[in-house]
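# Notes for the structure review
Now for the letters of each chain:
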Amino acid sequence: MSDTPQVEPVPQDTRTLTTDKVATTPPPVKRPKEAKPASLWGDAWHDLRRRPMFIISLVLIAVLLVMSFWPSLFTSIDPFSARTCELATARQGPSVGHLFGRDNQGCDVYARTIYGARNSIVIGVTTTLITAIVGGLLGLIAGTRGGMVDTVTSRITEIFFAIPSILGALLITATFRDKDLGIWIVVIALSILAWPMTFRIMRAAVITARSQDFVTAARALGAGQGRIMFRHLLPNALAPVIVIATINLGGFIAAEAALSFLGVGVQSPDISWGLMIADARNRFLEAPLPLVFPAVFLSITVLAFIMLGDAVRDALDPKLR
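Residues numbered from 1 in each chain as written. Predicted model: local features only at pLDDT ≥ 70, side-chain atom pairs only at ≥ 80, totals over all residues. Heavy atoms only, no water.

Attention now goes to the overall build of the protein. When you go through the protein residue by residue, the secondary structure sums to eleven helices and zero strands. Across the 321 residues of the protein, 40% fall into the buried class. Intrachain contacts of the protein at a sequence separation of at least 6 include 71% that bridge at least 24 residues. Working note: accessible area of the protein is about 19,200 Å², and carbon and sulfur atoms make up 65% of it. (Helix = DSSP H or I, 4+ residues; strand = E, 2+ residues; numbered from the N terminus. Buried < 20%, exposed > 50% of the residue type's maximum accessible area, 1.4 Å probe, protein only. Contact = heavy atoms within 4.5 Å. Areas by Shrake-Rupley, 256 points an atom, 1.4 Å probe, with all protein chains shown as cover.)

Quick look at the structure:
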């Protein structure tokens, strides 16, 4: 027999064994939420919110829109009232109650600058909407139908492209200057000459989209021409039209100022920044502020819309991300 001592096993506590053998219930597994399908507009909005240029331009445009529709929030002076203009104080510099001084007629420059935003922005926004709707609809039809419809509309568009924009608008507004149409003659003149640009962009986008597989599948499933046009082609061709519309809006505001400066745009007693610049140009060296302040507001407005258009373009173009 071996002399090695036998080690007796140590008895274990049965309560400990019972406790260890009890199976614990696993915690419930949380299923991840289903992610929303990615889309061009969703990705663009996510990208725009991170762009400082978009935020700055949006804030500026919001302030300008409030200024246009509720100018009394920014000034208590009514520039349309003759009692607020004092000829004895003409071309007076900034003072208490008259931050931008007075113009050649003794009217408050600040109040006229605030009220002048309405006509300038209304003309720009209205012209943009008209050109986007007319040019976009014609471009959608021409790009979808093709053939003779596309050929005829394209040739008509080229005729309008041959007309210089400012010269053509100058001719139209000067011809109908005595018809008492107000600011709408400026809107009509700019719209007549500006829609071909939107037409070309929409037509090119539709021609590109109609060769895609989803259009072929829609035709194979029996979708009609109208359904394909408005349900499939229009949403996929709308992005470049929105981009060019936001950029053109600033250009329309500048064009209105140019026409008013030339004497065929907005007429007195209406107020616009271009008209204020035209009235102050003869005494610029003697009193520069009546010209400088509306010119600064005009430049900021045009720049804000161009910045917005650039930000939207970059967000909607996958190549620039």
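Next, the rest of the story.
Locating Ile-247 in the fold gives a position in helix H9 (residues 225–261). The partly exposed category is assigned to Ile-247, whose relative accessible area is 25%.

A complete count under the given rule lists three salt bridges for this structure. The salt bridge involving Asp-103 is made with Arg-112; its shortest N-O contact spans 3.5 Å. With relative accessibility at 12%, the residue Asp-103 sits in the buried group. Asp-150 is the salt-bridge partner of Arg-203, the closest N and O atoms lying 2.6 Å from each other. Here the residue Arg-203 occupies a position in helix H7 (residues 184–209), and Asp-150 occupies one in helix H5 (residues 147–161), the gap between them amounting to 53 residues. Owing to a relative accessible area of 25%, Arg-203 belongs among the partly exposed residues under this scheme. (Salt bridge = Lys/Arg side-chain N within 4 Å of Asp/Glu carboxyl O.)

For the rest of this paragraph, the subject is the packing of aromatic side chains. The geometry of an aromatic ring pair is captured by the separation of the ring centres together with the interplanar angle, meaning the angle of the planes. Scanning the model with the defined rule gives seven aromatic pairs in all. For the pair Trp-195 and Phe-199, a centre-to-centre distance of 6.1 Å together with 80 degrees between the ring planes defines the contact as edge-to-face. In this pair, Trp-195 and Phe-199 are both assigned in helix H7, four residues apart and thus about one turn of the helix distant. Through successive ring pairs, a cluster of aromatic residues spans Phe-100, Tyr-110, Trp-273, Phe-293 and Phe-297. Directly above the aromatic system of Phe-261 lies the positively charged group of Arg-281, at a separation of 5.0 Å from the ring centroid. (Phe/Tyr/Trp six-rings, centres within 6.5 Å; stacked < 30°, edge-to-face > 60°. Lys NZ or Arg CZ within 6 Å of the ring centre and 35° of its normal.)

Let us now look at the environment of Arg-177. Within the secondary structure, Arg-177 sits in the loop between helix H6 (165–175) and H7. With 90 residues separating them along the chain, Arg-177 and Gln-267 place their C-alpha atoms 9.3 Å apart. Residues in contact with Arg-177, not counting those within four places in the same chain, are Gly-263 and Gln-267.

Looking now at the packing of helix H4 (residues 109–145) against helix H11 (residues 289–316). With their axes 10 Å apart at the nearest point, H4 and H11 run at an angle of 35 degrees to one another. The chirality of how H4 crosses H11 is right-handed. Here Val-109, Thr-113 and Ile-121 of H4 come into contact with H11, specifically with Leu-289, Pro-290, Phe-293, Pro-294, Phe-297 and Thr-301. Split by residue class, the contact of H4 with H11 holds seven nonpolar, two polar and no charged. (Axes fitted to C-alpha atoms, helices over the stretch in contact; angles between N-to-C directions. Left-handed = near helix turned anticlockwise from the far one by under 90°. Nonpolar A, V, L, I, M, F, W, Y, C, P; charged D, E, K, R; others polar.)

It is worth spelling out the environment of Arg-49 at this point. Considering the arrangement of structural elements, one finds Arg-49 in the loop between helix H2 (40–48) and helix H3 (52–69). On the basis of relative accessible area, Arg-49 is assigned to the partly exposed category, the value being 48%. Each C-alpha atom, one on Arg-49 and one on Ala-315, is 9.9 Å from the other, the two residues being 266 residues apart in sequence.

As a further point, take the side chain of Thr-153. Structurally, Thr-153 is set in helix H5. There is a polar contact of 3.1 Å between the side chain of Thr-153 and the backbone oxygen of Asp-150. Excluding residues that lie within four positions of it along the chain, Thr-153 makes contacts with Ala-142 and Phe-199. (Polar contact = N/O pair within 3.5 Å; in protein donor to acceptor, adjacent residues only side chain to side chain.)

Contact geometry for H4 and H7: axes closest at 6 Å, N-to-C directions at 35 degrees. Crossing angle aside, the handedness with which H4 passes H7 is right-handed.

Remember, this is a structural readout, not a statement about activity or role.
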